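Architecture and fold: a report
Each chain is listed here by its residues.
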Amino acid sequence: MKIKHALFFFSFFFFACQKEKVKVPEKLIEEETMVSIFYDLSLLDAIRSNNSILLEENKIDPYTYIYKKYKIDSLQFAQNNIYYAYDLKRYKRMYERVEKRLEEEKKIADSTVLKAGKIEEPLSTQKDTAQTKIKEGFLKNKELRKNKD
């Protein structure tokens, strides 16, 4: 009896772990666009973690914002995320590009603030200025929407 259970478990485990090739989604999102989506989600997640009131006040749901910005839906995003995640090396390279872009934007924002003479403390003690840049963008966007109405 134990042998049957062991064989069943082993067979189940063996077949469950087999990798099936993930199909290319019908509405494939370009790799570079997916990197941009991951970048935007990273920024929105940082804002939500550090200043969730900003998103709440502006009635911004990060995923809804992404879907509208890139003209995609949740299913399309999920299918494409699975497709790209299937190839772990590629997926890792995509996230490394996001990380590099975040660092570059942070350096630009920090140098802009330094040139303006607004930093009095060492950079290591300053908050992430990329978040400030996004906040300013949201506020500007909000003002533009008010002016349209």
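Residues numbered from 1 in each chain as written. Predicted model: local features only at pLDDT ≥ 70, side-chain atom pairs only at ≥ 80, totals over all residues. Heavy atoms only, no water.

1. A look at the packing of aromatic side chains
Stated precisely, the cut-off is as follows: Centre distance within 6.5 Å is the pairing criterion for rings of Phe, Tyr and Trp, where only the six-membered ring of Trp is used; planes under 30 degrees apart are then read as stacked, over 60 as edge-to-face, and the remainder as tilted. Each helix corresponds to a stretch of at least 4 residues labelled H or I by DSSP, and each strand to a stretch of at least 2 residues labelled E; elements are numbered beginning at the N terminus. The buried label applies to any residue whose accessible area, calculated with a 1.4 Å probe on protein chains only, is under 20% of its type's maximum; exposed applies above 50%, and partly exposed to all values in between. Any Lys NZ or Arg CZ that is within 6 Å of a ring centre and within 35 degrees of that ring's normal is treated as a charge sitting over the ring.
This structure, assessed with the given rule, holds 6 aromatic pairs. Both rings, one in Phe38 and one in Tyr95, keep their centres 4.6 Å apart while their planes meet at 20 degrees; by these two values the pair is stacked. Here Tyr95 lies in helix α5 (residues 88–115) and Phe38 lies in helix α2 (residues 31–57), a separation of 57 residues in the sequence. Assessed through its relative accessible area of 2%, Phe38 is described here as buried. Using a relative accessible area of 36% as the deciding quantity, one classes Tyr95 as partly exposed. Where Tyr91 meets Tyr95, the ring centres are 5.3 Å apart and the plane angle is 70 degrees; that geometry is what we call edge-to-face. Placement of the pair is Tyr91 and Tyr95 together in helix α5, with a separation of 4 residues, close to one helical turn. Taken together, the ring pairs connect Phe38, Tyr91 and Tyr95 into an aromatic cluster. Over the face of the ring belonging to Tyr39 we find Arg101, whose NZ or CZ atom lies 3.7 Å from the ring centre.

2. So, unusual backbone geometry
Phi at Lys59 is positive, roughly 50 degrees, even though this residue is not glycine. Here Lys59 shows up in the loop between α2 and α3 (62–70). For Lys71, which is not glycine, the phi dihedral falls at a positive 55 degrees. Inspection of the secondary structure assignment puts Lys71 in the loop between α3 and α4 (74–86).

3. Thoughts on the side chain of Gln76
Cut-off, in case you're wondering: By the criterion applied in these results, polar contacts are pairs of N or O atoms within 3.5 Å in which, for protein atoms, one can donate a hydrogen and the other can accept it, and in which residues neighboring in sequence qualify only through two side-chain atoms. Note on contacts: a residue pair is in contact if any heavy atoms of the two residues lie within 4.5 Å.
Along the chain, Gln76 turns up in helix α4. With a relative accessible area of 11%, Gln76 lands in the buried category. In terms of polar contacts, Gln76 uses its side chain to reach the backbone carbonyl oxygen of Lys27, at 3.1 Å. Residue contacts for Gln76: discarding those within four places in its chain leaves Lys27, Ile29 and Lys71.

4. What to know about the packing of α2 against α5
For clarity, the threshold we go by: Here the axes come from fitting lines to C-alpha atoms, over the contacting stretch only for helices, and the angles between their N-to-C directions go from 0 to 180 degrees. Between 65 and 115 degrees an angle is taken as roughly perpendicular, under 35 as roughly parallel, over 145 as roughly antiparallel, and anywhere else as oblique. The sense of a crossing depends on the near helix, which, turned anticlockwise from the far helix by less than a right angle, makes the crossing left-handed and, turned clockwise, makes it right-handed. By the convention adopted, Pro, Cys, Tyr, Trp, Phe, Met, Ile, Leu, Val and Ala count as nonpolar, Lys, Arg, Asp and Glu as charged, and the other residues, Gly among them, as polar.
Running from N to C, α2 and α5 point in directions that differ by 55 degrees, and their axes come no closer than 9 Å. Relative to α5, the element α2 lies oblique. Both α2 and α5 take part in a crossing whose hand is right-handed. In this structure, α2 contributes Glu31, Glu32, Met34, Val35, Ser36, Phe38, Tyr39, Ser42 and Leu43 to the contact, and α5 contributes Arg90, Tyr91, Met94, Tyr95, Arg97, Val98, Arg101, Leu102 and Glu105. Each residue belonging to the contact of α2 with α5 can be placed in one class, and the counts come to 10 nonpolar, 2 polar and 6 charged.

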